[in-house]
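Chains, contacts and geometry: an overview
Next come the chains, spelled out residue by residue.
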Amino acid sequence: MNATLPTGDELLDAIERLRKERNAVILGHYYQDPEIQDLSDFIGDSLQLAKAARDTDADVILFCGVHFMAETAKILNPDRIVLVPDMDAGCSLADACPAEELAAWKAEHPDHVVVSYINCTAATKAQSDIICTSSNAVRVVQSIPEGTPILFAPDRNLGAYLVRQTGRPMDLWQGTCIVHETFSERALLDLMVRHPDAKVIAHPECEPPLLAHADFVGSTSALLNYTQTSGAQTFIVATEPGIIHQMTKARPDLTYLPVPGTGEGCNCNECPFMRLNTLQKIYLALRDLAPRIEMDEATRQAALVPLERMMALG
Ligand code: 13P
Ligand code: SF4
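Quick caveat: nothing in here was measured; it's all calculated off a predicted structure.

Definitions and cut-offs
Residues numbered from 1 in each chain as written. Chains lettered and ligands numbered in written order. Predicted model: local features only at pLDDT ≥ 70, side-chain atom pairs only at ≥ 80, totals over all residues. Heavy atoms only, no water. Salt bridge = Lys/Arg side-chain N within 4 Å of Asp/Glu carboxyl O. Helix = DSSP H or I, 4+ residues; strand = E, 2+ residues; numbered from the N terminus. Buried < 20%, exposed > 50% of the residue type's maximum accessible area, 1.4 Å probe, protein only. Phe/Tyr/Trp six-rings, centres within 6.5 Å; stacked < 30°, edge-to-face > 60°. Expected span 1.5 Å × (residues − 1). Arc of directions from axis to C-beta. Contact = heavy atoms within 4.5 Å.

1. Some remarks on the pattern of salt bridges
For the structure on display, the rule yields 15 salt bridges. The partner of Arg19 in a salt bridge is Glu16, and the shortest N-O contact between them spans 2.9 Å. Here Arg19 pairs with Glu16, and both are found in helix 1 (residues 8-21), just three residues apart, close to one helical turn. For Glu16, a relative accessible area of 31% corresponds to the partly exposed category. Between Arg156 and Glu207 there is a salt bridge; the shortest N-O distance is 3.4 Å. Taken together, the positions of Arg156 in helix 9 (residues 156-166) and Glu207 in the loop between strand 9 (199-202) and helix 11 (208-211) put the pair 51 residues apart, joining distant regions of the chain. Linked by salt bridges that have partners in common, Glu16, Arg19, Lys20 and Asp41 make up one network.

See the structure below:
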């Protein structure tokens, strides 16, 4: 990276100065590096960040998360500048469900309602009837009249979890999160044996055998909330470990044990897309007002409809 870029405290000061000059708000997801979480104006899960983007009056939104999250901010804010630190910060779930393929699936099932997880592109959202996030998915599915057949995309694990929770049959797209599908059940069992009093908490993107061991399943913010309120002392955490930064800040007296992944030669369970973002890229984005999220107005308007249906549920 450019050798003239500021580092250390100078970098933080420069970001601070630019944030004010640009009248920018920095939105950060729980899976960002701790140093990025600490400078964000607002930290949250996908739904909370979408609401923060909808409600902001800043001129510039710098979205420290992945591409589909920043796109969601743009769908809700066509007239604001929406920046991402790294345009390559994608998501395996969004990649798994191209809009044309979802459209073809929909055409084969014309009587079905299409529920799409927010982890998809704007073009895929535009093919959907309603969007959900992991924190409101049960409510979204329950809002669909009984007897109406449902297509759910793109996460087969969240979809299967929703079928179990709601009792509603759904046809599932076969996408997965490359982070949550690789948590090792064997490593989880080892942790459970060594910490018999620990509560196992898991994100619904995990595979069903892993979720079967969980005492609590929820979105990132729901997991954070559970650690603060359950009364337990130790938690085995089956989601991206960035969330442990906020858990530790809120309750430093509790113990949080991340579940390792099964990667060969490395048990790293960080999201490689989320972790592309860095402080220097944040600085450059605010300095250059780039990279910017752009989208054609027809796609934006079509994607806004299912997103607003979700928002209207509260
Ligand atoms: P949350 O909505 O729970 O924050 O999840 C987002 C995500 O990408 C999980 O992998
Ligand atoms: Fe996508 Fe998984 Fe990364 Fe979340 S953790 S952004 S679902 S790849």
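Here the narrative resumes, following the displayed structure.
2. With respect to the packing of aromatic side chains
Here a ring pair, both rings aromatic, is described through the centre-centre distance and the interplanar angle of the planes. Counting across every chain of the model gives four aromatic pairs. Residues Phe216 and Tyr226 carry aromatic rings whose centres are separated by 4.4 Å and whose planes lie at 5° to one another, so their mutual orientation is stacked. With Phe216 in strand 10 (residues 216-217) and Tyr226 in helix 12 (residues 220-229), the pair connects residues that are ten residues apart, well separated along the chain. Relative accessible area serves as the criterion here: at 24%, Phe216 is assigned to the partly exposed category. Classification of Tyr226 as buried rests on a relative accessible area of 17%. Ring geometry for Tyr226 against Phe235: centres 6.2 Å apart, planes inclined by 80°, an arrangement best described as edge-to-face. Each residue in the set Phe216, Tyr226, Phe235 and Tyr256 is aromatic and connected to the rest through ring pairs, giving one cluster.

3. Observations concerning helix 1
If you check helix 1, its first and last C-alpha atoms are 20 Å apart, about what 14 residues at 1.5 Å a residue would give, namely 20 Å. Buried within helix 1 are the following residues: Leu11, Ala14, Ile15, Leu18 and Arg19. Within helix 1, the buried residues cover an arc of 135° as seen down the axis, which keeps them to one side. In this structure, helix 1 carries Asp9, Glu10, Asp13, Lys20 and Glu21 as exposed residues pointing more than 90 degrees from its buried face. In the core, the buried residues of helix 1 are packed alongside strand 1 (24-29), helix 2 (34-39) and helix 14 (279-288). Backbone geometry just downstream of helix 1 places Asn23 in the positive-phi region, at approximately 50°.

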